[in-house]
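Structural description and commentary
Residues per chain, in single letters:
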Amino acid sequence: MDCWKQEKSNTWIFPTLILCLYGFFYMMKPSEPFLTPYLTGPDKNLTIDEVTNQIFPVWTYSYLALLFPVFLITDYARYKPVLLLQGISFIITWLLLLFAHGVLAMQMVEFFYGMATATEVAYYAYIYSVVSPDHYQRVTSYCRSITLVAATVAAVLGQLLVSLADVSYFHLNAITLASVSLAFLCSFFLPMPQKSMFFHRKDVSPTPPAPHKAVASAGPDGPSSCQEDKGSLSAERGPTPEAQADNAKPQNHALRVLVQLSKDLRDCYSSRKLLYWSLWWALATAGFNQVLNYIQVLWDFRAPSHSSAVYNGAVEAIATFLSSVTSFVVQYMRVNWDLFGELALGIFSAIDAGSLFLMHFTTNIWACYAGYLIFKACYMLLITITTFQIAVNLSMERYALMFGFNNFVALVIQTILTVVVVDSKGLGLNIVTQFLIYASYFAVIAGIFLIRSVCMLVSSKCKRKTARSCKEHLNHAEHESKEQVATGYATRL
């Protein structure tokens, strides 16, 4: 027994297994693709306008209000307490969803779901505090893969139960409640970390690169910006607040950490390349989350759930599978992303805009489904490339910092979109007009990066032409010099 306990505490297998079980059960939510039909159906009897303009916006506001403090508390509390908080938030969310009624109650559902979403950072950060750097890439793969598998299984299960077994949406939500309750129980078995990335660092040894560094740097055309390399080096060897804070008061220690974080953030965004990749990340993620938040409302408008067959689960399963495939193939792409990266961002953002315009103008539900599949696959392809390009030259701490800040900026932009376009206190537009706005939004993103990429390509071509011309001029001058020397020698003879 003692040997088992020692093995359990000294290896990466036990915490990884428990965390993967937690990730599977908290993502195993077969009722999620059918949330809008459930709210507008006989169980809750809400109108589509109430759901769109009064209930769903609360999630965005809750997420924004909680994201930054939760990000800091997660690291300060060393992850596990926040994972427990996430489990509690999920349980409260589905208890309210099952047994509460009315607009105010559903707004509380969105608030607690926003809290659960904000605490999701603990799931992805926890494992790096309990395993050695040698296992970072492997455990990252496991933890991310299990969530994709769970989301796919949940969507397929939900669709099969609705279409073949005629299970009600209420019972689907009961299954989800049982699943998130199991996730909450799993979180109790996670070992309590003794360190964290920022507030509880136990050593000052060089920090290993981000999980995808080995994959991203394998290509022959990987990024080679000097500024990013310097940033990475300083992040790995730079001063850590803990190194000088052994006898300091806790509040001074925390203040030093915050100051160091602000300096790291400033250094990261001083790189122009990282700045433009981060700009796309924030802009596109804001639009992507907004589309995901309201896509079910559009589907219900095109094919009302009370009079049409609902295939939301099947579509979500296919979308998750396609997203997994597109994310997987990125590692095999051999592209000079420094030169062609922004062109790819512009082209695929234009495809996203086209798919959203299709969803706006078509009245066919199958065309809406197809547009959504294209939209999600393109976004997941680009966000994977963006993640690789940002992570490849940064330490783990700086990557986590940029990840959090980029998502915070994205959420600010999404909140502005929600207040102006969706909220009943703003314009309160109908769902079809909303998707016209989102399509135009992605068209603007595509225009920005297409114009910039064209300028970069033209500039690169001009530089190559200038370099070639200089080389030819030097060769010609060298040739003339040799001829003059030979002539002078012949004359002396």
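Note that this is a predicted model, so its numbers are computed, not measured.

The rules behind the values
- Residue numbers restart at each chain and count upward from 1, following the sequence in its written direction.
- The predicted nature of this model means local features are confined to residues of pLDDT at least 70 and side-chain atom pairs, given and counted, to a pLDDT of 80 or more, with totals for whole chains, interfaces and linings taken over all residues.
- Hydrogens and water molecules were not included; the side-chain quantities draw on all heavy atoms of the structure.
- Note on conventions: DSSP H or I runs of at least 4 residues are helices, E runs of at least 2 residues are strands, and numbering of each starts at the N terminus.
- Partly exposed describes any residue whose relative accessible area lies between the buried limit of under 20% and the exposed limit of over 50%, with all areas from a 1.4 Å probe on protein chains only and scaled to the type maximum.
- Residues are treated as being in contact if the distance between any of their heavy atoms lies within 4.5 Å.
- Throughout, the Shrake-Rupley method with a 1.4 Å probe supplies accessible areas, and for residues the shown protein chains are the sole cover considered.
- What counts as a disulfide here is a pair of cysteine sulfur atoms lying within 2.5 Å.
- Contacts described as polar in this section are N or O atom pairs within 3.5 Å, which, within protein, must combine one atom able to donate a hydrogen with one able to accept it, while residues neighboring in sequence count only if both atoms come from side chains.
- Patch membership needs two things, relative accessible area over 30% and no salt bridge, and members are linked within 9 Å if like-charged or within 5 Å if nonpolar (Val, Leu, Ile, Met, Phe, Trp, Tyr).
- Any Lys or Arg side-chain nitrogen located within 4 Å of an Asp or Glu carboxyl oxygen qualifies as a salt bridge.
- Only Phe, Tyr and Trp rings take part, Trp by its six-membered ring, and two of them pair if their centres are within 6.5 Å. Stacked means planes under 30 degrees apart, edge-to-face means over 60, and tilted covers everything else.
- Counting as a charge over the ring demands two things of the Lys NZ or Arg CZ atom: a distance within 6 Å of the ring centre and an angle within 35 degrees of the ring normal.
- Nonpolar cores were defined as sets of buried Ala, Val, Leu, Ile, Met, Phe, Trp, Tyr and Cys residues, with membership established by side-chain atoms within 4.5 Å.
- Note on method: axes are straight lines fitted to C-alpha atoms, helices fitted across the in-contact stretch only, with angles between N-to-C directions ranging 0 to 180 degrees.
- For classification, angles of less than 35 degrees are called roughly parallel, those exceeding 145 degrees roughly antiparallel, those between 65 and 115 degrees roughly perpendicular, and all remaining angles oblique.
- When the near helix sits turned anticlockwise from the far one by under a right angle, the crossing is termed left-handed; a clockwise turn instead gives a right-handed crossing.
- Asp, Glu, Lys and Arg are counted as charged, while Ala, Val, Leu, Ile, Met, Phe, Trp, Tyr, Cys and Pro are counted as nonpolar; the rest, among them Gly, fall into the polar class.
- Confidence of the predictor at the level of single residues is captured by pLDDT, which takes values from 0 to 100.

So, on to the overall build of the protein. The helix and strand tally for the protein stands at 18 helices and zero strands. Each of the 493 residues in the protein was classed as buried or not, and the buried ones make up 50%. Here the analysis covers contacts within the protein between residues at least 6 apart in sequence; of these, 85% occur between residues at least 24 apart. Carbon and sulfur atoms make up 66% of the accessible area of the protein, which totals about 23100 Å².

A few words now on the state of the cysteines. The final tally for this structure, using the stated rule, is zero disulfides. For the unlinked cysteine Cys143, the closest cysteine sulfur is that of Cys20, found at 4.3 Å.

With that settled, consider the environment of Val51. You can see Val51 is positioned in helix H4 (residues 48-76). A relative accessible area of 0% means that Val51 is categorised as buried. A sequence separation of 243 residues divides Val51 from Tyr294, and the C-alpha atoms of the two residues are 9.6 Å apart. Setting aside residues no more than four positions away along its own chain, Val51 makes contact with Leu39, Thr40, Leu46, Phe56 and Pro57.

What follows covers the side chain of Thr415. Its place among the elements puts Thr415 in helix H17 (residues 396-422). Within the local environment of Thr415, its side chain forms a polar contact with the backbone oxygen of Leu411, the two atoms lying 2.7 Å apart. When neighbours within four sequence positions are excluded, Thr415 is seen to be in contact with Thr60, Tyr61 and Leu64.

Further remarks concern a nonpolar patch on the surface. A grouping of Ile318, Phe321, Leu322, Val325, Phe328, Val329 and Tyr332 is seen on the molecular surface, where their side chains present a nonpolar patch of about 660 Å² in accessible area. With respect to the helices and strands, Val329 occurs in helix H14 (residues 312-329).

Turning to the packing of aromatic side chains, a few remarks are in order. Counted according to the given criterion, the structure contains 28 aromatic pairs. With a centroid separation of 5.4 Å and 85 degrees between ring planes, the pair formed by Phe375 and Phe442 is classed as edge-to-face. Here Phe375, found in helix H16 (residues 365-391), pairs with Phe442, found in helix H18 (residues 431-492); they are 67 residues apart in sequence, far enough to count as distant. Relative to Tyr438, the ring of Phe435 has its centre 5.4 Å away and its plane inclined at 70 degrees; by these criteria the two rings are edge-to-face. Of the two residues, Phe435 and Tyr438 both sit in helix H18, three residues apart, roughly one turn of that helix. Residues Phe435 and Tyr438 agree in their burial class; the two are buried. Stacked on the ring of Tyr276, the Lys or Arg Arg452 has its end atom at 3.5 Å from the ring centre.

Next up on the list: the nonpolar core. One recurring pattern in soluble globular proteins is that nonpolar side chains are buried together. Met106, Trp280, Leu356, Met359 and Phe435 are the most contacted members of the largest nonpolar core, which totals 125 residues. If you tally residues by element for this core, the top one is helix H13 (residues 272-302), at 15 residues. Apart from residues no more than four positions distant in its own chain, Phe435 is found in contact with Val291, Tyr294, Ile295, Leu298, Leu356, Met359 and His360.

What follows concerns the pattern of salt bridges. Enumeration according to the criterion identifies two salt bridges in this entry. The partner of Lys376 in a salt bridge is Glu316, and the shortest N-O contact between them spans 3.7 Å. A residue pair is termed long-range when its members are at least 10 positions apart, and Lys376 in helix H16 and Glu316 in helix H14 qualify at 60 residues. You'll find Lys376 and Glu316 in the same group, each marked buried. Where Arg452 meets Glu342, a salt bridge forms, and the shortest distance between an N and an O atom there is 2.6 Å. Highlighted residues: Arg452 in helix H18 and Glu342 in helix H15 (residues 337-361), separated in sequence by 110 residues. Look at Glu342 and you get buried, because its relative accessible area is 8%.

On to the packing of H13 against H17. H17 packs onto H13 with a crossing angle of 45 degrees between their chain directions and a minimal axis gap of 8 Å. The angle between H13 and H17 falls in the class oblique. Note on packing geometry: the crossing formed by H13 with H17 is right-handed. Taken together, the residues of H17 that come into contact with H13 (itself represented by Leu274, Ser278, Trp281, Ala282, Leu283, Thr285, Ala286, Asn289, Gln290 and Tyr294) are Met402, Phe403, Asn406, Asn407, Val409, Ala410, Ile413, Gln414, Leu417, Thr418 and Val422. When grouped by side-chain class, the residues that make up the contact of H13 with H17 number 13 nonpolar, eight polar and no charged.

In the contact formed by H4 and H17, the axes pass within 10 Å of each other and the chain directions differ by 155 degrees. Regarding the angle of H4 to H17, the classification is roughly antiparallel. Between H4 and H17 lies a crossing whose hand is left-handed. Listed contacts from H17 to Thr52, Asn53, Pro57, Trp59, Thr60, Tyr61, Tyr63, Leu64, Leu67, Phe68 and Phe71 of H4 are Ala400, Leu401, Gly404, Asn407, Phe408, Leu411, Val412, Gln414, Thr415, Thr418, Val419 and Val422.

For any part of a model where pLDDT is low, the fine detail of the predicted coordinates should not be relied upon. Residue-level pLDDT values for the protein average 82, and 80% of them are 70 or greater. Mean pLDDT values over the elements of the protein span from 37, in helix H10 (residues 213-216), up to 96, in helix H9 (residues 169-187). Below a pLDDT of 50 lies the segment residues 204-249, which in the model reaches 80 contacts outside its immediate sequence neighbourhood of four places, other chains included.

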